[in-house]
Amino acid sequence: MTETPHNHLSLPEVEAIARTAHAHQTDKAGRPYTEHLTAVAEGVRTRHGNADQIAAAWLHDAVEDDALSERWLEEAALSRRTKDIVRALTKHPGEPPEAYAQRILATDGALLVKQADLAHNADPKRLAALDEPTRNRLTEKYARMHALLGLSADIDAGAVTDADGSRNRDAAGD
């Protein structure tokens, strides 16, 4: 069967699925996890991501957090690109950060979603709610991932910006 957008879940449907799947989760500061998903989806939208990337933003942690299964993802009425982005953003137990970053860089559309995810994760207001050791550990982790992905330290709300200051095609949703 040929893949066409009309047989895919709508963004409101994807959002509802993600909200339900993560309904009982909280982040490290005890906030509802759905706040993070909302922020990442909005970050992708403000970075001019397309519908596939916004859908992936809603679902980016679903398989990793066991909120939804890999089988659900495979069978869901989502574009192949959305599924590929979610898989690229799903960390595997024991996986080195370098391998994770390479998978993101090799997957069309994934870098923009990861940039929005890192932007929210590294938000100073969000980090301020954590104890100092956790805050320091996560700050280092996020800075390392920025470097591995070739992103500038400044997280702008525009497009994906490479470390050399050039804009990446990923931002246009190509």
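Attention here is on the structure that accompanies the text. What you see is a predicted model, and the numbers here were worked out from it, not measured in a lab.

The rules we used
- Residues numbered from 1 in each chain as written.
- Predicted model: local features only at pLDDT ≥ 70, side-chain atom pairs only at ≥ 80, totals over all residues.
- Heavy atoms only, no water.
- Salt bridge = Lys/Arg side-chain N within 4 Å of Asp/Glu carboxyl O.
- Helix = DSSP H or I, 4+ residues; strand = E, 2+ residues; numbered from the N terminus.
- Buried < 20%, exposed > 50% of the residue type's maximum accessible area, 1.4 Å probe, protein only.

## Quick word on the pattern of salt bridges
Thinking step 1. Tallying each qualifying case throughout the model produces 13 salt bridges.
Thinking step 2. Between Arg-19 and Glu-15 there is a salt bridge; the shortest N-O distance is 2.8 Å. Taken together, the residues span about one helical turn, with Arg-19 and Glu-15 both in helix H1 (residues 11-21) at a distance of four residues.
Thinking step 3. Of the residues examined, Arg-19 reaches a relative accessible area of 32% and is grouped as partly exposed.
Thinking step 4. For Glu-15, a relative accessible area of 26% gives the class partly exposed.
Thinking step 5. The salt bridge involving Arg-71 is made with Glu-75; its shortest N-O contact spans 2.9 Å. With a gap of four residues between them, Arg-71 and Glu-75 both fall in helix H4 (residues 70-75), about one helical turn apart.
Thinking step 6. Owing to a relative accessible area of 62%, Arg-71 belongs among the exposed residues under this scheme.
Thinking step 7. Its relative accessible area of 56% is what places Glu-75 among the exposed residues.

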